Amino acid sequence: MGLSTALQIDADTKNYQILDSVKYASAYAYIYAIRNNILNSGKVYYKNEFPWRVRIIKNDSVLNAFCTPGGYIYVFTGILKFLESEDQLAGVLGHEMGHADYRHSTRQMTKMYGIQVLLDLVAGDRALVKDISKSLIGLTFSRNHEKEADDASVRFLCPTPYNSAGGAGFFEKLIKEKPTKTPVFLSTHPDPGNRIESYYEKKAALGCRNETDFKEAYQKMLTSLP
Ligand SMILES: [Zn+2]
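Let me begin by describing the structure that accompanies this report.

Definitions and limits used
- Residues numbered from 1 in each chain as written.
- Predicted model: local features only at pLDDT ≥ 70, side-chain atom pairs only at ≥ 80, totals over all residues.
- Heavy atoms only, no water.
- Salt bridge = Lys/Arg side-chain N within 4 Å of Asp/Glu carboxyl O.
- Helix = DSSP H or I, 4+ residues; strand = E, 2+ residues; numbered from the N terminus.
- Buried < 20%, exposed > 50% of the residue type's maximum accessible area, 1.4 Å probe, protein only.
- Core = buried A, V, L, I, M, F, W, Y, C linked by side-chain atoms within 4.5 Å.
- Donors = N, O, S within 2.8 Å, 3.2 Å for Na, K, Ca; no water.
- Pairing = 2+ DSSP bridges.
- Contact = heavy atoms within 4.5 Å.
- Polar contact = N/O pair within 3.5 Å; in protein donor to acceptor, adjacent residues only side chain to side chain.
- Phe/Tyr/Trp six-rings, centres within 6.5 Å; stacked < 30°, edge-to-face > 60°.
- Expected span 1.5 Å × (residues − 1).
- Arc of directions from axis to C-beta.

**A look at the pattern of salt bridges**
Scanning the model with the defined rule gives eight salt bridges in all. Across the pair aspartate 151 and lysine 147 runs a salt bridge, and its minimum N-O distance is 3.0 Å. On the criterion of helical spacing, the pair formed by aspartate 151 and lysine 147 is a turn pair, its members being four residues apart in helix α8 (residues 143–157). Here the residues in one salt-bridge network are Glu84, Lys173 and Glu177, joined through shared partners.

Below, the structure written as structure tokens:
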């Protein structure tokens, strides 16, 4: 299901302009290195089962990232340029990878469509695949799943050199800058309440001590984006 959603996004060049992985090899290498730090934390359950493939979508007005079931990660240039340091991006990736690792979308879809529809899908109903892929992209998570993904982000980052509450940086900057349009991130990832606080609480509870933000490396990566 995740793969067919990913294939559909990749083919929809009108809505998703994916950055060429050769032309923008350095930006891709940078994000893959962050992904590898998360995977090598030893905390990702489906580390070896999912591909955890990354695609960058060129659209500066979209503050969002998402991950399909089965671990196909998409990051918009809008959120890359909004963030300021590597620990913040690691936090956002950790959150998205957390949703996939907990199989949140799959569970939500089962609730929405029922298990029989998903079984028909696996059996190869093509019209259904298209329909379901569409609703997967705009799927809204529950507040409970949001909290789980935030906590997963801290758990994944804790053994890495990053500030493990990096994911809070996105929300701190939102509060500071008050963008006029609601970021897409918030429409598909509802606020579970006291999100910033909860990142720092989880960090303290797990005793995570590392604080590196790799801000300079991040700013350098941004200059390679179109
Ligand atoms: Zn989320």
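From this point, things continue past the structure.
**Thoughts on unusual backbone geometry**
We note that tryptophan 52 has phi near 50 degrees; this positive angle belongs to a residue other than glycine. Using a relative accessible area of 0% as the deciding quantity, one classes tryptophan 52 as buried. For phenylalanine 214, which is not glycine, the phi dihedral falls at a positive 45 degrees. By relative accessible area, phenylalanine 214 is classed as partly exposed at 32%.

**Things to note about the nonpolar core**
Trp52, Leu80, Leu93 and Phe170 are the most contacted members of the largest nonpolar core, which has 47 residues in total. The element contributing the most residues to this core is helix α2 (residues 25–39), with seven residues. Listed in part, the nine residues of the second largest apolar core include Ile57, Val62, Phe66 and Phe76.

**Structural notes on the coordination of the zinc ion**
On the protein side, the zinc ion has His95 (NE2), His99 (NE2), Glu146 (OE), Glu146 (OE) and His189 (ND1) as donor atoms, found 1.8 to 2.5 Å from it. All donors to the zinc ion come from one chain, and their sequence spacing reads H-x3-H-x46-E-x42-H. Here histidine 189 lies in the loop between α10 (184–188) and α11 (195–206) and glutamate 146 lies in helix α8, a separation of 43 residues in the sequence. Taking the relative accessible area as the measure of exposure, histidine 189 reaches 1% and is therefore buried.

**Here's the deal with the pairing of strand β3 (residues 72–76)**
Within β3, five of the five residues are buried, which leaves it mostly tucked inside the rest of the structure. Residues of β3 alternate between two faces, with Tyr72, Tyr74 and Phe76 on one and Ile73 and Val75 on the opposite face, all of them buried. Pairing of strand β1 (residues 53–57) with β3, which is carried by five bridges, proceeds in the parallel orientation. Counted as the bridge partner of arginine 53 is tyrosine 72 from β3. Pairing analysis gives four bridges linking strand β2 (residues 65–68) to β3, with the strands arranged antiparallel. Looking across to β3, one finds that alanine 65 is bridged to valine 75.

**A word on the environment of histidine 189**
Measuring from C-alpha to C-alpha, the distance between histidine 189 and aspartate 120 comes to 28 Å, with 69 residues separating the pair along the chain. Sequence-distant contacts of histidine 189, defined by excluding residues within four places in its chain, comprise Asn64, Ala65, His95, Glu96, His99, Phe141, Glu146 and Arg195. Only 3.3 Å separates the side chain of histidine 189 from the side chain of glutamate 146, close enough to count as a polar contact.

**Looking at the packing of aromatic side chains**
Enumeration over the complete set of coordinates arrives at eleven aromatic pairs. Here the aromatic rings of tyrosine 162 and phenylalanine 214 are separated by 5.7 Å at their centres, their planes lie at 85 degrees, and the arrangement is edge-to-face. On the criterion of sequence distance, the pair formed by tyrosine 162 in the loop between α8 and α9 (168–177) and phenylalanine 214 in the loop between α11 and α12 (215–222) is long-range, its members being 52 residues apart. Grouped by ring-pair contacts, the aromatic residues Tyr45, Tyr46, Phe50 and Trp52 constitute a single cluster.

**Concerning α11**
With twelve residues, α11 ought to run about 16 Å at 1.5 Å a step, and its terminal C-alpha atoms sit 17 Å apart, in line with that. Considered for burial, the residues of α11 that qualify are Arg195, Ser198, Tyr199 and Lys203. Along the axis of α11, the buried positions cluster into a sector of 140 degrees, meaning they face one direction only. Opposite the buried face of α11, by more than 90 degrees, sit the exposed residues Ala204 and Ala205. Close packing links the buried residues of α11 with α4 (86–101), α8, α9 and α10. Phi turns positive one or two residues past the end of α11, at glycine 207, with a value near 65 degrees.

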